Amino acid sequence: MKHLTFRTAASFLLPLLLLFSVFILLRGHYLPGGGFVGGIIASIAFVLHAFAFGLGQTRKLLRIRPMGLMPVGLALAVFAAVLPLFQGLPLLTGLWLSKPIPVIGLVGNALLFDLGVYIVVLGVALTIIFSISEAV
Amino acid sequence: MEIILAVIVGLLYASGIYLMLRRSLVKLVVGLVLLGNGVNLLIFLLGGLVRGKPPLIPDTATYLGQVYADPVPQALILTAIVISFGLQSFAIVLIKRTYVVVNTDDMDQIHSTEEDDDY
Amino acid sequence: MLLAVLSGFIVASFVPFLGKLLRGKWSFLLTALPLCLFLYFLNFIPQVSANKAALISYEWVPSMGINFNFLVDGLSLLFALMITGIGTLVFLYTSAYMKGDRYLDRFYGYLCIFMGAMLGMVLSDNIFTLFIFWELTSISSFFLIGYNNENSDSRKSALVSLAITGLGGFFLLGAFALIGNISGTYSINEMIGSADALKGNGLYPVIIAFLFIGAFSKSAQYPLHFWLPGAMKAPTPVSTYLHSATMVKAGIYLLARFTPVLGNVPAWNNTLMIFGGFTMFYAAFHSIFKRDLKEVLAYSTISALGMLVFLIGLGTPDALLAATVFIIVHALYKASLFLITGIIDHETGTRDLAKLSGLRKVMMPVAVAGALAMLSNSGIPPSFGFVGKDLIYASTLGSELGAALVTGVAVITNILLLYSSILAGIRPFAGPLPDAYKTVHLPDWRMWVPPLLLGVGSLLLGVFPGLIEGGIVGPALLSIDPTAPAFHLQLWHGFNVVLALSAATIGGGLLLYLLFKPSVGQPAWVAGLSASSPKNIAGYLSRKFRELAHLWTSLSQNGYLRIYVLVIISFLTVLLAYKSFTEVKFYVELSKVSPLTSAEMVVMFILAAAVIYVVYTPSRLAAVAAMGVIGYCICLIFVFYSAPDLAMTQFAIDTLTVILFVLVLYRLPKYIHYSNWLIRIRDGVISLFFGTLITILGLEVLNEPTSKETTHFFAENSYALAKGKNVVNVILVDFRGVDTMIEITVLTIAAMGVFALLKLQLNKYDQEL
Amino acid sequence: MMTINLIILPVLLQFSLAILLLFFWRRIFTQKIISIAGSILSIVVSASLFSAVYDGEILTMQAGNWGPPFGITFVADTFSATMVLLASISAAAVTVFSSVTIKRARMKFGYFPSFHFLVMGLNGAFLTGDIFNLYVWFEVIIISSFVFITLGGKKVQIEGAVKYFTLNFLASMIFLTAIAVLYGLAGSLNMADLAGKIKTIQNQGLVQVTAILFLVGFGIKSAMFPLYFWLPDSYHTPQAAISSIFAGLLTKVGIYALLRVFSLIFIPDAFMKSLIVILAAMTLISGGLGAVVQTNMRKMFSYLIVCHIGYMIGGLGMFTVAALSGAVFYLIHDIIIKTNLFLVGGLVYKISGELNMKRMGGIYANYPLLSLLIAVPLFSLIGVPPLSGFWPKINLFSESFTTANYFLLGSFIFGSIITLSVLARFWSEAFWKKWEHPVRKPHIRYYDQMPQSERAMLIIPILFLSFISLYMGLGAENIFRLSNQIASELIDTSAYINAVLGSVTTNVTP
């Protein structure tokens, strides 16, 4: 697995896949995709990296433990969900910025929410796979 | 097509249950996965099958046309798939843990109903 | 009034905090409680004897119609006075008898609760409050009987008595629920109005059967009597209190109370007469073979209770009068005898009749008390017992059905009882004093005065029965039988049949005593009888019951997961099949079915093949691989039928699942099981049947026209209102965003679980629960 | 507008607590403080929700501001608000108890976050008005219970976990199948909307079949005969605090779902009623027989859970206002009492170091006041009047007469007698008996080795819950009024349906 070409490929693939995952996340509101699939793709990117360079390297690259991603993502999602509460609206009511942002399109709390999903899924997938690989 | 899919669904249910009745813990979990797949397909089937019309609003329109696949079951299945994934990965790790603790995946080795409280 | 009833509970609740004080020499102060209550209830006599019952109500659970309605009429006053009067003596006695006991405070606590519960029971007019207090007497007596809890016999008899009285309690609750339902009221007083409706109801036999089980369990009627002798393991004050005047009389009270509501029906009368009559004979017979003083008393108590049930069963005004009087008579002499037994036990350390004699020489006042109690017990004039026995004979002679038979049973019972009363009241004091007991001395006055008082009371009432005639007995009789004629209690009726019977009883009893020596002991044939006694039968049944429970549990709860799955699926399948075949019309509308393309055909085929392969392959790895193939095929189905999001997700998830499986399986040992082919066929048939049902169900549901209201709303508003063009995604993050929010929570928890499962290794010290 | 969001507050509070705790992953002390403080706060929040709906008003909230039946509706009627309140009370007690009894190693692996996720799931399940959303909440509940039941798993625990996992997973799948069929039939997921739509379906036979699926799905979760086998095989394996929250709430959420679905969507017909009644009777008998043979304290308690489920199911099966009121009262009583029972089990274990009651003893002699305290839940459980377990039996007994379900009545009596006898035996063995040859196990930290503060943390929850039980018994009037109100809302669902569907609002997205 630690073959040189694979390593090289992996080191290139990581940023590419990450970029692709963000792309999938952002376009989710218009075309197939979304936070969930985006998160999975991102985690596959890291898993490939881990196969190529070993878990230790990937952990170093990640800086934070994958476990730590989960509360962050959850907090983001909940924040997006409760935002309307402060305006006296029910949970998860859609709130939108009036002007679209270039490339991304309209931005609202739904996007924030999807971002939370993305981060949670990334954290979950990495936690599970990393701990299994370490335990094997 | 619906008929064949319904048969497939039934087959998935049957095989899932059958595997759950086996002695191997691994087979049990495979059975659970198949059962989960069967349920997802059932939701899909009962939501109505539509070919080649994904529930995506075309660039030019602001709403879906006359014929489109029902998006609601799809959303439900998506949620269900993800949840099943959580449960399945837990189950898979449980197999491992069972093996570590009990040293077998033979279900008949782990049927003691008595508690050993001598630890 | 509420305070009066609850005072026992209130005092009891302070007991734990006053523990030290009560364990010391101040314990007798608690006697003030029953004494005050006794005086309080005495105040009601003028009002009640004027035939004005006092009804005092407090709301408790009005929405259920359950309130504290306390009714002070003749019957309840009679019992209240007995409970508090004898209570006073028992409390006083206890302070000396149990002096220095480690847990005297607790003992008093239970005693207070018990007294409160008894009072509440006899005063309640509401059947459910009555029931509540009824159960509280069972519970508090459980603690009293099991007071010496480190002794295993003591524990066992507490359990037995709780089991029997508890069993009766639940039946009583059933009876009450039924009575309340039919009569539409929970007030006993108001029920008398709907007595006919109750008696005419088809469920009347059930009602009285349940009521009788309740009453008999408490009042120790055959065959539910055997807890009572066992309950003698309790300290003597408990036996005195519970078995002379209070708890065992609860059942009698209940029967008397419901006589105007449910009585005067052949089923009622005959059942009571049969059970009461048999019990009184059976227990009296057994009492003469007992050599332990307390056991003698226990059996004679059961016999007396049988007599009371029998008299209530007779049901004539005469019989009810006799019952009323006999309740008092019995309370007085039996309490006295128990207290005396306690003194003997306390001072000599034994209750064995074979060892005891001549104690009059060292404890004269006790001997006098014993003699007085014996007089009353035997019905020898001029004791109150004689008045009572006269009334009993008068009523049996007046019985319509077989006067000779019932009188005969009553006479024989009384002869036997007389024998046992001599055993208990005279024998320990008569004869020479053994050397061993030379040093025995008279106990503290608090112990010997109560029995003496009771003995003197019996005598006094015998000579002047008029003392309680109008104030207590009369009103009590009227509340049992509102139509009872006026009567006059007297010692001397002149020479008549009744007197002759009394004389015969006394003569017979004395003769028996002379002929049948206590030292002879229990003949073998009596011991043989006990093999088929209810106690042994109950023991046998309970053993069999436990075996059954064991069998059932080890069969159903066998620990095999697959059997559980099998049971659940079979249960579901049977129900589904039954419902489907009886209520669903099968048809498949082919016009709605869409055609099949060749690509789809291939995918379906692969899918089916993979499923079959998963089932048949003996290799785990192969099974997992085939499972992956199944997932990808499903993914393709999603692609064919316009679900790109699903396809992407299914693909990603399936891949991940397979990877996880492989990571785990990698280290598992090779292990192949071949189940018995019969089992495989059984499992296969059930699974296939279940699968088929799901298929059929799916096809049938497809035929139904469905409202697509929700779908249309989403289709139209997804972009307009939620600003998204991928409707599935809009549903996920907006329309049904909550689902998604929880879904990622599930994932998080699962990841935590996986992490903990893999990483958490407990050392031995952490494994404690 | 604030009141509307009040509905979701109990859920959000637990959710935020759990997330907050995740941030303090390894800091046990901080976790304990946050958890206890949060649990107490959640009692306040749920109490205010309860007081908002107590007078019969039904609050609804449309998540995302999408009118029903399009979005997900949250509904707080008296029933759900009561359940939420009870859940937070039980949970708070267990939090305090677990802060002392759960081992540090377990706390380091997410005990507290999972706990609050679990309670969040419970609250969500009680409050949701959407059938698929209910499924999702159920999944939160079961996955967090899986984490609990395996946390630090030894052999027995893993064995229990495998059974627990499999059968609960199976239940979820059956539940999901039922939802699939229901959606296929009615095209809606909103329960109030379904209540109306289900009546218009041509093929009512299919509706009945769906009802069977729901019955079995929820029946597994609520431990109904013959679907309960996972429970006695698993509930005794985890730590006392965990078992107590399981015992108090997990099966009850199944009962809640049964009561909700079978009163709102599938009104039981004659067949269904008699089916449920028979199952209830069998549950009582089978659970009771199981309890008789146990000498292991916690296994005996587990069987008692099963046995007592029969009372509630029986009330549902008779389906009259009075019977449902009895069932609801029993449910209210049972949540508190079963939580307390397992806490008591934990305390007894801490005192004696034993699980088998044959080897216990002497508690009464050594800890008289504690014994008195423990007697309260035990006697409430038996149904000694006037404690809380007694009251619902009046309704249940008398309704089984009026509906002529004599077999059910018999099993009610049977269940009561069994409970009485097994608990009396437990009392006699563990409390009364002299403790012969007590053996001290080195790895257990016994009650008498604990400092005063830790003992208090063990006693306070039991005291608190016992006090509530006492209140329920002596102040039964209030509970009866509550359960009557709930029962009449269950029978006459028009208020619920109107509250949900009547408040159709157009989307007012700014």
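Since the model is a prediction, treat every value here as computed from it, not as a measurement.

Undergrad: Which residues make up the overall build of chain C, and what are the values?
TA: Regarding its fold elements, chain C presents 33 helices and two strands. In terms of overall size, chain C is more extended than a compact globule, its C-alpha atoms giving a radius of gyration of 38 Å where 769 residues would be expected to give roughly 27 Å. Expressed as lengths along the three principal axes of its C-alpha atoms, the size of chain C is roughly 115 × 60 × 55 Å. Residues counted as buried form 63% of the 769 residues belonging to chain C. Long-range contacts, defined as pairs at least 24 residues apart, comprise 78% of the intrachain contacts of chain C with a sequence gap of at least 6. In the structure as shown, chain C presents an accessible area of about 27000 Å², 69% of it carried by carbon and sulfur atoms.

Undergrad: Report on the interface of chain D and chain C, specifying residues and quantitative values.
TA: At the junction of the two partners, chain D supplies 135 residues and chain C supplies 105 residues. Around 10800 Å² of area is buried between chain D and chain C when both sides are counted, 75% of it from carbon and sulfur atoms. Of all residues in chain D, the largest losses of buried area upon contact with chain C belong to D:Trp66, D:Phe70 and D:Trp432, amounting jointly to 8% of the total for that side. Taken together, the connections running from chain D to chain C amount to three salt bridges.

Undergrad: Any details on the interface of chain A and chain B? Residues and values, ideally.
TA: Taken together, the contact between chain A and chain B spans seven residues of the former and five residues of the latter. Counting each side, the surface lost to burial between chain A and chain B is near 570 Å², with a carbon and sulfur contribution of 90%. Where chain A touches chain B, the interface holds zero residue pairs in polar contact (both at pLDDT 80 or more). Element by element, the count of residues in the side of chain A that touches chain B is highest for helix α5 (residues 109-135) of chain A, at three residues.

Undergrad: Can you explain helix α18 (residues 364-378) of chain C? Please cite residues and give values.
TA: Residues and elements named next belong to chain C. Spanning 15 residues, α18 covers 21 Å between terminal C-alpha atoms, matching the ideal 21 Å at 1.5 Å per step. Those residues of α18 that fall on the buried side of the exposure criterion are Val366, Ala367, Ala369, Gly370, Leu372, Ala373, Met374, Ser376, Asn377 and Ser378. Tucked inside the fold, the buried residues of α18 contact α17 (317-348), α19 (384-397), α20 (403-425), α21 (445-463) and α23 (497-515). Downstream of α18 by a residue or two, Gly379 has a phi angle that is positive, lying close to 70°.

Undergrad: Just give me the short version of a nonpolar patch on the surface, but keep the residues and values in it.
TA: A grouping of B:Ile4, C:Met601, C:Val602, C:Phe605, C:Ile606 and C:Val629 is seen on the molecular surface, where their side chains present a nonpolar patch of about 540 Å² in accessible area. Of all the elements, helix α27 (residues 598-616) of chain C adds the most residues to the nonpolar patch, at four residues. For C:Ile606, the position within the fold is in helix α27. Owing to a relative accessible area of 38%, C:Ile606 belongs among the partly exposed residues under this scheme.

Undergrad: Which residues make up the confidence of the model for chain D, and what values do they have?
TA: For chain D, the mean per-residue pLDDT works out to 89, and 98% of the residues sit at or above 70. Low pLDDT, under 50, characterises residues 504-510 of chain D; the stretch is placed with 14 contacts to residues that sit more than four places away or in other chains.

Undergrad: So what about unusual backbone geometry? Which residues, and what values?
TA: Keep in mind that most residues, glycine aside, have a negative phi and that most peptide bonds are trans. A cis geometry characterises the amide bond from C:Tyr222 onward to C:Pro223, with omega recorded as 0°. Within the secondary structure, C:Pro223 sits in the loop between α11 (204-218) and α12 (227-230). Residue D:Pro386 is bonded to the preceding D:Pro385 through a cis peptide linkage, with omega at 0°. Among the secondary structure elements, D:Pro386 is positioned in the loop between α17 (368-382) and α18 (391-402). Notably, C:Ala220 is not glycine yet its phi reads approximately 55°, a positive angle. Structurally, C:Ala220 is set in the loop between α11 and α12. A residue is classified by how much of its surface remains accessible, and C:Ala220, at 0% relative accessible area, is buried. A positive phi angle, near 60°, is found at D:Asn65, a position not held by glycine. Considering the arrangement of structural elements, one finds D:Asn65 in the loop between β1 (59-62) and β2 (73-76). Among the residues examined, D:Asn65 registers a relative accessible area of 8% and is labelled buried.

Undergrad: Any chance you could break down the packing of aromatic side chains for me, citing the residues and the numbers?
TA: Evaluation of the coordinates by the stated rule reveals 92 aromatic pairs over all chains. Here the aromatic rings of C:Phe713 and C:Phe735 are separated by 6.2 Å at their centres, their planes lie at 70°, and the arrangement is edge-to-face. With C:Phe713 in helix α31 (residues 709-720) and C:Phe735 in helix α32 (residues 727-735), this pair connects stretches of sequence that are 22 residues apart. Side by side, C:Phe713 and C:Phe735 carry an identical accessibility label, which is buried. Ring plane angle 35° and centroid distance 5.7 Å describe the contact between C:Phe755 and D:Phe109, whose orientation is recorded as tilted. Here the residue C:Phe755 occupies a position in helix α33 (residues 737-759), and D:Phe109 occupies one in the loop between α5 (104-107) and α6 (111-127), the pair thus bridging two chains. Owing to a relative accessible area of 10%, D:Phe109 belongs among the buried residues under this scheme. Among the aromatic side chains, those forming a connected cluster through ring pairs are B:Phe90, D:Tyr111, D:Phe112, D:Phe115, D:Phe146, D:Phe148, D:Tyr164, D:Phe165, D:Phe169, D:Trp230, D:Tyr235 and D:Phe246. D:Arg455 extends its terminal NZ or CZ atom over the ring of D:Tyr447, reaching a point 4.8 Å from the ring centre.

Undergrad: How would you summarise a positive patch on the surface if you had to cite specific residues and measurements?
TA: A cluster of basic residues, A:Arg65, D:Arg26, D:Arg104 and D:Lys108, forms a positive patch on the protein surface. By the element assignment, D:Arg104 lies in helix α5. The class for D:Arg104 is exposed, based on a relative accessible area of 54%.

Undergrad: Any details on the side chain of C:Ser642? Residues and values, ideally.
TA: Of note, C:Ser642 is situated in the loop between α28 (620-640) and α29 (644-665). In this structure C:Ser642 comes out as buried when scored by relative accessible area, which is 2%. Only 2.5 Å separates the side chain of C:Ser642 from the backbone oxygen of B:Val50, close enough to count as a polar contact. Each residue touching C:Ser642, except ones within four places of it in the same chain, is listed here: B:Val50, B:Arg51, B:Gly52, B:Lys53, B:Pro54, B:Pro55, B:Ala69 and B:Gln74.

Undergrad: Would you mind going over the side chain of C:Lys294 in detail, with residue names and values included?
TA: All names here are of chain C. Counting through the fold element by element, Lys294 comes out in helix α16 (residues 293-314). Of the buried charged residues, Lys294 lacks a salt bridge, with Asp345 as the closest side chain of opposite charge at 5.8 Å. One polar contact links the side chain of Lys294 to the main-chain carbonyl oxygen of Met232, over a distance of 3.1 Å. In terms of polar contacts, Lys294 uses its side chain to reach the side chain of Ser239, at 3.1 Å.

Undergrad: How would you explain the environment of D:Ile36 if you had to name every residue and give the values?
TA: All names here are of chain D. Turning to its location among the elements, Ile36 is positioned in helix α3 (residues 28-53). What makes Ile36 buried here is its relative accessible area of 18%. Separated by 361 residues in the primary sequence, Ile36 and Phe397 place their C-alpha atoms 40 Å from one another. With residues near it in sequence (within four places) discarded, Ile36 still touches Thr95, Val96, Ser99 and Met457.

Undergrad: Outline the packing of α31(C) against α32(C), listing residues and values.
TA: Residues and elements named next belong to chain C. Axis separation between α31 and α32 bottoms out at 10 Å; the angle between their running directions is 85°. Viewed along their axes, α31 and α32 adopt a mutual orientation that is roughly perpendicular. Between α31 and α32, the contacting residues are Phe713, Phe714, Asn717 and Ser718 on the first element and Val727, Val730, Ile731 and Phe735 on the second. Across the contact of α31 with α32, the residue classes tally to six nonpolar, two polar and no charged.

Undergrad: Talk me through α11(C); I want residue IDs and the actual numbers.
TA: All names here are of chain C. With 15 residues, α11 should reach 21 Å at 1.5 Å per residue; the first-to-last C-alpha distance of 21 Å fits that figure. Among all positions of α11, only Tyr204, Ile207, Ile208, Phe210, Leu211, Phe212, Gly214, Ala215, Phe216, Ser217 and Lys218 are buried. At the exit of α11 stands Ala220, carrying a positive phi of roughly 55°.

Undergrad: With reference to specific residues and values, describe the environment of D:Leu420.
TA: The residue D:Leu420 is located in helix α19 (residues 406-432) in this model. As for D:Leu420 and D:Leu381, which are separated by 39 residues in sequence, their C-alpha atoms are 8.5 Å apart. When near neighbours in sequence (up to four residues on either side) are disregarded, D:Leu420 contacts C:Leu162, C:Gly166, C:Phe170 and D:Ile382.

Undergrad: Describe the pairing of strand β1 (residues 54-61) of chain C, and please don't skip the residues or the numbers.
TA: All names here are of chain C. Alignment of β1 against strand β2 (residues 66-72), held across six bridges, turns out to be antiparallel. Residue pairing for β2: Tyr58 is matched across the bridge by Phe68. Linkage of β1 to β2, two consecutive antiparallel strands, is achieved through a turn of four residues, within which Gly65 is found at a positive phi near 75°.

Parameters at a glance
Residues numbered from 1 in each chain as written. Chains lettered and ligands numbered in written order. Predicted model: local features only at pLDDT ≥ 70, side-chain atom pairs only at ≥ 80, totals over all residues. Heavy atoms only, no water. Helix = DSSP H or I, 4+ residues; strand = E, 2+ residues; numbered from the N terminus. Rg over C-alpha atoms; globule rule 2.2 N^0.38 Å. Buried < 20%, exposed > 50% of the residue type's maximum accessible area, 1.4 Å probe, protein only. Contact = heavy atoms within 4.5 Å. Areas by Shrake-Rupley, 256 points an atom, 1.4 Å probe, with all protein chains shown as cover. Buried area = accessible area lost by both parts, 1.4 Å probe. Salt bridge = Lys/Arg side-chain N within 4 Å of Asp/Glu carboxyl O. Polar contact = N/O pair within 3.5 Å; in protein donor to acceptor, adjacent residues only side chain to side chain. Expected span 1.5 Å × (residues − 1). Patch = residues over 30% accessible without salt bridge, like charges linked within 9 Å, V, L, I, M, F, W, Y side chains within 5 Å. pLDDT = per-residue confidence, 0-100. Phe/Tyr/Trp six-rings, centres within 6.5 Å; stacked < 30°, edge-to-face > 60°. Lys NZ or Arg CZ within 6 Å of the ring centre and 35° of its normal. Lys, Arg positive; Asp, Glu negative; His and termini not counted. Charge placed at Lys NZ, Arg CZ, Asp CG, Glu CD. Axes fitted to C-alpha atoms, helices over the stretch in contact; angles between N-to-C directions. Parallel < 35°, antiparallel > 145°, perpendicular 65-115°, else oblique. Nonpolar A, V, L, I, M, F, W, Y, C, P; charged D, E, K, R; others polar. Pairing = 2+ DSSP bridges.

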